Amino acid sequence: MKRILVVGGANGIGLSIATELAKRETTEKVYIVDKAPLADENRLSKMESYEFDLTSADYSIFDKLQDVDGVMITAGFGRLALFKDVPESMISTYFNVNTIAVIRVIKHYYDKLLNDADFHCGVMVSIAGFMSSPFFSLYGATKAALKIFIESVNVELDRAGSKNRILNVSPGSIKGTSFNGQKTDLSQTFSLAKEIIKHLEVKDDLFIPKYEEVFHEVLERYHDDFRKEGNHSYNYKLQRLERHV
């Protein structure tokens, strides 16, 4: 990948991916599109940043950023909260940012995915999209929708004869990101960023970090008894909330 766009690349794992790519000699340009400005201390010479709100109606900015051979979408948000405590106004915001925005961005680059030329595309989804996730009901729903969208489109790409694929990156919680309102710590995310780039470069369609160590067993438990595993997840998140009270 010589020229890549990172949507949501001003902080968190997106910034880590953008930084790793910008440090490579073979990289020509890393475009960053994010609602938040790219901090001066994080800016490298090969980076070019644009401030853009993904809830906007006009997505023409992506028509102007077509000289790329890769797109990585890391934008998204979630907060631990019971559904009863989520304001109704936030329902559309969750889907607009986490789901609809991703699908709209991919639509702007879909011709490149269908093309014979190599094009690399990845999306930060979540392990929450694979199972029930109490306290994350809306967030999980937005990610489950992305999971099915990516799987379906990848079949369409295959049947169209394209070798390009959309990579679904579905981790659990990631230390060092600003996901929960904390400050980005690149020293904690570079290792994962390198793994994601590796899977992106070989056009994998799914990468679940720590699958063998953690999530293989979790997903098996979920498929064996989704009600029991849902209650286990509820208790786990309740403990997380209590630790932060």
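Scroll up for the structure.
Residues numbered from 1 in each chain as written. Predicted model: local features only at pLDDT ≥ 70, side-chain atom pairs only at ≥ 80, totals over all residues. Heavy atoms only, no water.

A.B. asks: Talk me through the side chain of histidine 199; I want residue IDs and the actual numbers.
C.D. replies: With respect to the helices, strands and loops of the structure, histidine 199 is situated in helix H5 (residues 186–201). Among residues more than four places away in sequence, those in contact with histidine 199 are Leu167, Asp204 and Phe207. (Helix = DSSP H or I, 4+ residues; strand = E, 2+ residues; numbered from the N terminus. Contact = heavy atoms within 4.5 Å.)

A.B. asks: Quick one: what's the story with the pattern of salt bridges, residue by residue and with numbers?
C.D. replies: This model, assessed by the stated rule, comprises 11 salt bridges. Residue arginine 3 is joined to aspartate 67 by a salt bridge in which the shortest nitrogen-to-oxygen separation is 2.8 Å. On the criterion of sequence distance, the pair formed by arginine 3 in strand E1 (residues 3–7) and aspartate 67 in the loop between strand E3 (47–51) and strand E4 (70–73) is long-range, its members being 64 residues apart. Judged by relative accessible area, arginine 3 falls into the partly exposed class, the value being 21%. Classification of aspartate 67 as partly exposed rests on a relative accessible area of 36%. Put simply, aspartate 85 and lysine 84 hold a salt bridge, and the shortest N to O gap is 3.1 Å. Its relative accessible area of 47% is what places aspartate 85 among the partly exposed residues. When its relative accessible area of 67% is taken as the criterion, lysine 84 is described as exposed. By sharing partners, the salt bridges in this structure join Arg3, Glu28 and Asp67 into a single network. (Salt bridge = Lys/Arg side-chain N within 4 Å of Asp/Glu carboxyl O. Buried < 20%, exposed > 50% of the residue type's maximum accessible area, 1.4 Å probe, protein only.)

A.B. asks: Requested: an account of the sheet that holds E4, with residues and values cited.
C.D. replies: Strand order in the open sheet formed by 7 strands is E3-E2-E1-E4-E5-E6-E7, with parallel pairing between adjacent strands. At either end of the open sheet lies a strand with only one pairing partner, and these are E3 and strand E7 (206–207). Relative to strand E5 (residues 120–124), E4 is paired through 4 bridges, and the arrangement is parallel. When the bridges of E5 are listed, glycine 70 appears paired with histidine 120. With respect to the sheet, helix H2 (residues 89–108) is in contact with E1, E4, E5 and strand E6 (166–169), its orientation differing from that of E4 by roughly 175 degrees. Each of E1, E4, E5, E6 and E7 touches H5; the most contacted strand, E5, lies at about 140 degrees to it. (Pairing = 2+ DSSP bridges. Axes fitted to C-alpha atoms, helices over the stretch in contact; angles between N-to-C directions.)

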